[in-house]
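Structure assessment
Here are the chains, one letter per residue:
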Amino acid sequence: MSQQPNPSDVVEPLENGTDTVDASFPPQRWYRVDDFLAMGLGALIIMVAAASSWATRPGNLAELTQAHQTVKTELKQLDSSSENFSADRKQLLKQQADLEGQMASMPLKSWLVRPGEWKGDPRTAFAKNDKSIVPPLVATFAVMLILFSATTIVQGQSAVKFAFGFLGVFSLALVSYVLAGQEVIKHYNLEYALWAVLLGLLISNTIGTPKWLSAATRTEFYIKTGLVLLGAEVLFNKLLALGLPGIFVSWVVTPIVLVTTYLFGQYVLKIPSKSLNLVISADMSVCGVSAAVATAAACKAKKEELSLAIGLSLIFTVIMMVVQPFIVRVSGMGEVIGGAWIGGTIDSTGAVAAAGELVGNTAKDVAATVKMIQNILIGVVAFAVAVYWVSFVEPSADGKRPSVIEIWHRFPKFTLGFLGVSLAMSFLQSQGIEGKTLVSSVVDGTTKSVREWLFCLAFVSIGLESNFREYRKMLASGKPVILYLCGQTLNLVLSFLMAWLMFEKIFPNAANELISK
Amino acid sequence: MMIWRRGAIRLLFAIVVIVGVWLLVLPSVSNIPSVRERIDSNHAAGINPTAVFYTDHPGMADIERSVQSRVDSPTGWFWKRSH
């Protein structure tokens, strides 16, 4: 393989000594580059998860599959005019859920854990169903240490130094989860990402990040590997979950808001950093933290820009999840339109469900489904942002538009892994109930937990590598806040109009069907 | 050394504040009736408000099944464009 430096592998030092959410190692052989290693590691984790689920599948899988098919047919043949329709449907749905639960084998799930919810005694966060989760936590740490030490060795760095640093970074991530698990914090949606960044910042801005800890602050690598794993959750088959109305509210309004907000930031507010503008626009219009992470990595945003965007999203989410249900109730806009409005505008899924629940059960279901469809958009957004960035934003050495070869060299290759995993898992998901169960086993049993840990480690690393002064500088003009506010206002208006158009004018029966018991 | 010591004192102070807020203030806040009601309501509905992605939400599979059964209703009523 060529020894020539690849432009995408070289760090471009940025002002104030900060670097980007991009590869941060010197020019190396291709297999030592973060993007390829992240793809390899992600693929390995997914394959191990799939193999373990397949190896431990229930012996009566064929019978369970047959029973599931029978329930599905019965569900379709239910007589909606029957008196027992609602009760029968509920019972069949429960049977379906039970069968899917029996079919999905997740042998690794109980070994990949994180601290849970607690009220007054943080020690209770380390127990689940009266059973200590300390041994599984140690196992989670050991697995991640082994995997990442191996990649450190491949990259020609000291695994021993990394191991010491990783112990520190992992411990800070653990504390972030404990802080986020306090029930008031949790139920007001102040996610672990916030506490992870703040804990890191606290250390870096008081005593300074010690050298031994810096050895394991691999923000880009954690993010890229986490995003490849997130690909397994971006299933395109979910697009039709709410039919055409869902697609219009999620996939038509969202890109319009994203592009309009970005252009507003560029040409009206004149935000100096295009990447900050893009990350805020994406996290506000698509789905909060996950969209911010994916976009920041795709457009090589600064670490501080990513954490600022996430901070803005979390703060406004807390406000919106209280205010929006109130508006839905007093305006009488109804559970379906209200639910679609909430789902299309509040950033994170958990907050959407909690806000929807304040309106009613149907609103919660519609809101969460709209948000799920919107979540799928992040695969496309990350890829489109990566293409746009390397083709039109990054200048080439001679100031001209880069050639196709140059675009390929600069392209953040991990997005191909992200999209590739997403397409592969979507294909698997479409292969009947066996495929669907395997995908659910891989995601719920393994990749989801690893992905959460990786993002938490990345946020701790961001904090450890950041400086308060950078945030003060970015916030001094107030432009990021104005951008978020203006973009979200447009989002609120357009999402409401589209929800009203879809559920009131074009498919009025859809709303009635969703409300029916 | 002086700067490091000042930083260490600040860090120590921050840790004391965090411990105080999380062990004393927040547990008291969670007993405020409106806050308690919200937490209990989320628990009852199986909602995890900190779910970042749809797959993080514990009740998502049930919601999907329920919505799908309505969209796929045998009457095709969901898709009809008029009342």
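Residues numbered from 1 in each chain as written. Chains lettered and ligands numbered in written order. Predicted model: local features only at pLDDT ≥ 70, side-chain atom pairs only at ≥ 80, totals over all residues.

If you tally the helices and strands in chain B, you get three helices and zero strands. Residues counted as buried form 20% of the 83 residues belonging to chain B. (Helix = DSSP H or I, 4+ residues; strand = E, 2+ residues; numbered from the N terminus. Buried ≥ 20, exposed ≤ 12 C-beta atoms within 10 Å, placed from the backbone.)

A tally of regular secondary structure across chain A gives 22 helices and two strands. For chain A, the C-alpha radius of gyration of 23 Å lies close to 24 Å, the compact-globule estimate for 517 residues. Here the contacts in chain A between residues at least 6 apart in sequence split such that 78% fall between residues at least 24 apart. (Rg over C-alpha atoms; globule rule 2.2 N^0.38 Å. Contact = placed C-beta atoms within 7 Å.)

Let us look at the environment of Arg114(A). Residue and element names in this part refer to chain A. Mapping Arg-114 onto the fold places it in the loop between helix H3 (85-103) and strand S1 (127-128). By C-beta crowding, Arg-114 is classed as buried, having 21 other C-beta atoms within 10 Å. Note: C-alpha distance between Arg-114 and Leu-490 (376 residues apart in sequence) is 37 Å. Those residues in contact with Arg-114 that sit more than four places away from it in its chain are Tyr-177, Ser-449, Glu-452 and Trp-453.

Right, let's get into the domain arrangement of chain A. Accessible area lost when the parts come together is the quantity often used to give the size of an interface. Residues and elements named next belong to chain A. Once the domains are mapped, chain A shows domain 1 (46-105) and domain 2 (106-515). Computed from C-alpha atoms alone, the centre-to-centre distance between domain 1 and domain 2 is 30 Å. With twelve residues of domain 1 in contact, the opposing surface of domain 2 contributes 15 residues. At the level of elements, helix H1 (34-55), helix H2 (61-76) and H3 are the ones that each hand at least two residues to the side of domain 1 that touches domain 2. Tallying contributions element by element places H1 first for the side of domain 1 that touches domain 2, with five residues. Tallied by class, the residues present in the side of domain 1 that touches domain 2 amount to five nonpolar, six polar and one charged. (Domains from an automatic or database assignment. Nonpolar A, V, L, I, M, F, W, Y, C, P; charged D, E, K, R; others polar.)

Let us now look at the environment of Thr56(A). Residue and element names in this part refer to chain A. Checked against the element boundaries, Thr-56 lands in the loop between H1 and H2. By C-beta crowding, Thr-56 is classed as partly exposed, having 13 other C-beta atoms within 10 Å. The spacing of Thr-56 and Ser-176 is 120 residues in sequence and 34 Å in space, taken between C-alpha atoms. If we skip the residues at most four places from it in the chain, Thr-56 touches Ser-105 and Pro-107.

All names here are of chain B. Mean pLDDT over chain B works out to 87, with 87% of the residues at or above the 70 mark. Averaged pLDDT values for the elements of chain B fall to 85 in helix H3 (residues 60-71) and rise to 94 in helix H1 (residues 2-29). Both scores are available for the predicted complex, with the pTM at 0.90 and the ipTM at 0.91. (pLDDT = per-residue confidence, 0-100.)

Our focus in this paragraph is the interface of chain B and chain A. On the side of chain A, 56 residues touch chain B, which itself brings 50 residues to the contact. When contributions to the side of chain B that touches chain A are tallied by element, the ones reaching two or more residues are H1, helix H2 (33-44) and H3 of chain B. The greatest single-element share of the side of chain B that touches chain A, amounting to twelve residues, is contributed by H3(B). Partitioning the side of chain B that touches chain A into residue classes produces 26 nonpolar, 14 polar and ten charged.

Attention now goes to the packing of helix H9 (residues 219-230) of chain A against helix H19 (residues 432-464) of chain A. Residues and elements named next belong to chain A. Direction vectors running N to C along H9 and H19 enclose 155°, while the axes themselves pass 8 Å from each other. The angle between H9 and H19 falls in the class roughly antiparallel. Helix-helix and strand crossings are classified by hand; for H9 and H19 the assignment is left-handed. In this structure, H9 uses Thr-219, Tyr-222, Ile-223, Thr-225, Gly-226, Leu-229 and Leu-230 to contact H19, whose residues at the interface are Thr-447, Val-450, Arg-451, Leu-454, Phe-455, Leu-457, Ala-458, Ser-461 and Ile-462. (Axes fitted to C-alpha atoms, helices over the stretch in contact; angles between N-to-C directions. Parallel < 35°, antiparallel > 145°, perpendicular 65-115°, else oblique. Left-handed = near helix turned anticlockwise from the far one by under 90°.)

For the rest of this paragraph, the subject is helix H16 (residues 361-393) of chain A. Residues and elements named next belong to chain A. Here H16 is 33 residues long and its end C-alpha atoms lie 45 Å apart, about the 48 Å a rise of 1.5 Å per residue gives. Of all the bends in H16, the greatest measures close to 25° and is centred on Gly-379. Most of H16 sits out of view: 24 of its 33 residues are buried. (Expected span 1.5 Å × (residues − 1). Bend = angle between axes of the 7 residues up to and from the residue.)

The subject of this paragraph is the packing of H2(A) against H3(A). All names here are of chain A. As a packed pair, H2 and H3 sit with axes 10 Å apart at the nearest point and diverge in direction by 160°. When the interaxial angle is binned, H2 and H3 end up roughly antiparallel. Of the two possible hands of crossing, H2 and H3 adopt the one that is left-handed. Across the interface between the two elements, Leu-61, Leu-64, Ala-67, His-68, Val-71, Lys-72, Glu-74 and Leu-75 from H2 touch Arg-89, Leu-92, Gln-95, Gln-96, Leu-99, Gln-102 and Met-103 from H3. Here the residues of the contact of H2 with H3 are counted per class, giving eight nonpolar, four polar and three charged.

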